[in-house]
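# Working through the structure, step by step
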Amino acid sequence: MKIIDLRSDTVTRPTPAMRAAMADAPVGDDVYGEDPTVNRLEALGAEMLGTEAALFAASGTQTNLLALLSHCGRGDEYIAGQTAHCYRYEGGGAAVLGGIQPQPLDFEPDGTLDLAKVARAIKPTDPHFARTRLLCLENTTAGAVLPLDYLGRAAAFARERELALHLDGARIFNAAVKLGVDVREISRHFDTVSVCLSKGLGAPVGSLLCGSRQLIGTARRWRKVLGGGMRQAGSLAAAGIVALTSHVTRLAEDHANARLLAEGLASIPGVAIDPAEVQTNMVFVSLAPDAADRLVPFLREREILISGRESIRLVTHLDVTAADIERTVAAFREFFAHA
Ligand SMILES: *Cc1c(COP(=O)(O)O)cnc(C)c1O
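Calculation criteria
- Residues numbered from 1 in each chain as written.
- Predicted model: local features only at pLDDT ≥ 70, side-chain atom pairs only at ≥ 80, totals over all residues.
- Heavy atoms only, no water.
- UniProt positions renumbered as here; feature names shortened; annotations may be inferred.
- Domains from an automatic or database assignment.
- Contact = heavy atoms within 4.5 Å.
- Buried area = accessible area lost by both parts, 1.4 Å probe.
- Polar contact = N/O pair within 3.5 Å; in protein donor to acceptor, adjacent residues only side chain to side chain.
- Helix = DSSP H or I, 4+ residues; strand = E, 2+ residues; numbered from the N terminus.
- Near = heavy atom within 4 Å.
- Areas by Shrake-Rupley, 256 points an atom, 1.4 Å probe, with all protein chains shown as cover.
- Nonpolar A, V, L, I, M, F, W, Y, C, P; charged D, E, K, R; others polar.
- Salt bridge = Lys/Arg side-chain N within 4 Å of Asp/Glu carboxyl O.
- Buried < 20%, exposed > 50% of the residue type's maximum accessible area, 1.4 Å probe, protein only.
- Axes fitted to C-alpha atoms, helices over the stretch in contact; angles between N-to-C directions.
- Parallel < 35°, antiparallel > 145°, perpendicular 65-115°, else oblique.
- Pairing = 2+ DSSP bridges.
- Right-handed = clockwise from strand over helix to strand, strands pointing away.

Regarding the protein chain, the UniProt comment filed under Cofactor (unreviewed entry) reads as follows: "pyridoxal 5'-phosphate". Annotation of the protein chain in UniProt includes, under Sequence similarities (unreviewed entry), the sentence "Belongs to the threonine aldolase family."

Written as structure tokens, this is what we have:
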């Protein structure tokens, strides 16, 4: 039986077209700027996001860190969501490696940061305080799409308060597809945008940092400092090109499958879920802790992988079909019939 892996959209395997592109990719030494496939991917990313330049890096953790290091120096501060990836899930990299202090704030229920609360968190110019330099947003965040008018307000706010604005756009294309807009309608508000190629877009490895020529030049230097210069990386970049050219519009299928999953689960007594809350490729299910502890192994026996406890996150992606969703809903139904 096929294993259905709903733990994350990072679990996708490269498609045959990706593997062929990887095998055929012309390569060179990217640290010398001579890998034609990396150069093509970076040009494509910059073109799609509407920025002057882009930089290919090993992971989204690295592109977020490169952005933080490029915007902030030692003793500077960035403001981010309490549960933002670039604050909570990156090992404190900005503080560890950059001497950059985080100022986390709670996300609002819609995934935005309240700009009035951000304003209150900005430190006065005074030797007692770190220098607040950067505001970081995340889109999508927990599957939620930030409203376009909010992005405009955040950008105006950042300009007025002389903050740089970074977007952790690990899933920016999920947001654009959901809104039905060109991704530039999102990216144009930010100084830098990090984009994951290895999530729903299906590449095996890699992220892009997009921004001005100057900021990306600074980030390129930091990438080398971090040991992230990758030499004949064109073999990896080739998969990223396929991801950007072939796998963007199909994200709508993942969103439809997530909605299908939510609707199926909502029909099962014992599962607390509101399908209307599902915006993109993530479904969150609340369970009693004892049920969660039994559900995970129950599904694993049926070749369905999920993670989480009281709040379980189910993520749809390239390797999950509508038939897989039906099998998953049936397994949940079987579990709750005997729970
Ligand atoms: C996955 C993810 C990243 C980067 O993760 P890597 O595993 O380092 O590529 C960054 N931000 C968000 C919101 C993510 O979901």
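We now examine the domain arrangement of the protein chain. The domains assigned to the protein chain are domain 1 (16-246) and domain 2 (250-334). One C-alpha centre belongs to domain 1, the other to domain 2; they are set 29 Å apart. Taken together, the contacts link 14 residues of domain 1 with twelve residues of domain 2. Between domain 1 and domain 2, the buried area comes to about 1,100 Å², and carbon and sulfur atoms account for 58% of it. For the pair domain 1 and domain 2, the interface holds three residue pairs in polar contact (both at pLDDT 80 or more). The dominant element in the side of domain 1 that touches domain 2, judged by the number of residues it contributes, is helix H8 (residues 172-179), at four residues.

Quick look at the site of the ligand now. Near the ligand the following residues occur: Ser59, Gly60, Thr61, Asn64, His85, Glu90, Glu138, Asp168, Ala170, Arg171, Cys196 and Lys199. Contact between the ligand and Arg171: an oxygen atom at 2.9 Å from a side-chain N or O atom of the residue. In this structure, an oxygen atom belonging to the ligand sits 2.9 Å away from a side-chain N or O atom of Lys199. In isolation the ligand exposes 380 Å². Once the protein is present, 83% of that is buried. Here the shell around the ligand takes three residues from helix H3 (residues 60-71), the largest share from any one element. A per-class count over the shell around the ligand returns two nonpolar, five polar and five charged.

The next point concerns the UniProt feature "modified residue: N6-(pyridoxal phosphate)lysine" (unreviewed entry) in the protein chain. Residues given the UniProt feature "modified residue: N6-(pyridoxal phosphate)lysine" (unreviewed entry) here are Lys199. Assignment of secondary structure puts Lys199 in the loop between strand E7 (192-196) and strand E8 (207-211).

With that settled, consider the pattern of salt bridges. If you walk through the whole model with that rule in mind, you get 17 salt bridges. The residue Arg250 makes a salt bridge to Asp254 at a minimum N-O spacing of 2.6 Å. By relative accessible area, which is 13% here, Arg250 ends up buried. The partner of Arg294 in a salt bridge is Asp290, with the nearest N and O atoms 3.9 Å apart. Taken together, the positions of Arg294 and Asp290, both in helix H13 (residues 289-301) and four residues apart, correspond to about one turn of that helix. For Asp290, a relative accessible area of 47% translates into the label partly exposed. Ionic contacts of the salt-bridge type, sharing partners, join the residues Asp76, Arg131 and Arg133 into one network.

So, on to the packing of H8 against helix H12 (residues 251-266). Taken N-terminus to C-terminus, the directions of H8 and H12 make an angle of 80°; their axes are 9 Å apart at the nearest point. If you check the angle between H8 and H12, you find them roughly perpendicular. Between H8 and H12, the residues in contact are Phe173, Asn174, Val177 and Lys178 and Leu251, Ala252 and His255, respectively.

Of all six residues in strand E6 (residues 164-169), six are buried, a share of seventy percent or more. Of the two faces of E6, the one carrying Ala164, His166 and Asp168 and the one carrying Leu165, Leu167 and Gly169 are both buried. In terms of strand pairing, strand E5 (residues 131-138) meets E6 through five bridges, oriented parallel. Note on E6: the bridge partner recorded for Leu134 is Ala164. For the handedness criterion, the β-α-β arrangement of E5, helix H7 (residues 148-160) and E6 is classed as right-handed. Relative to E7, E6 runs parallel, the two sharing four bridges. Paired with Leu167 across the bridge in E7 is Val193.

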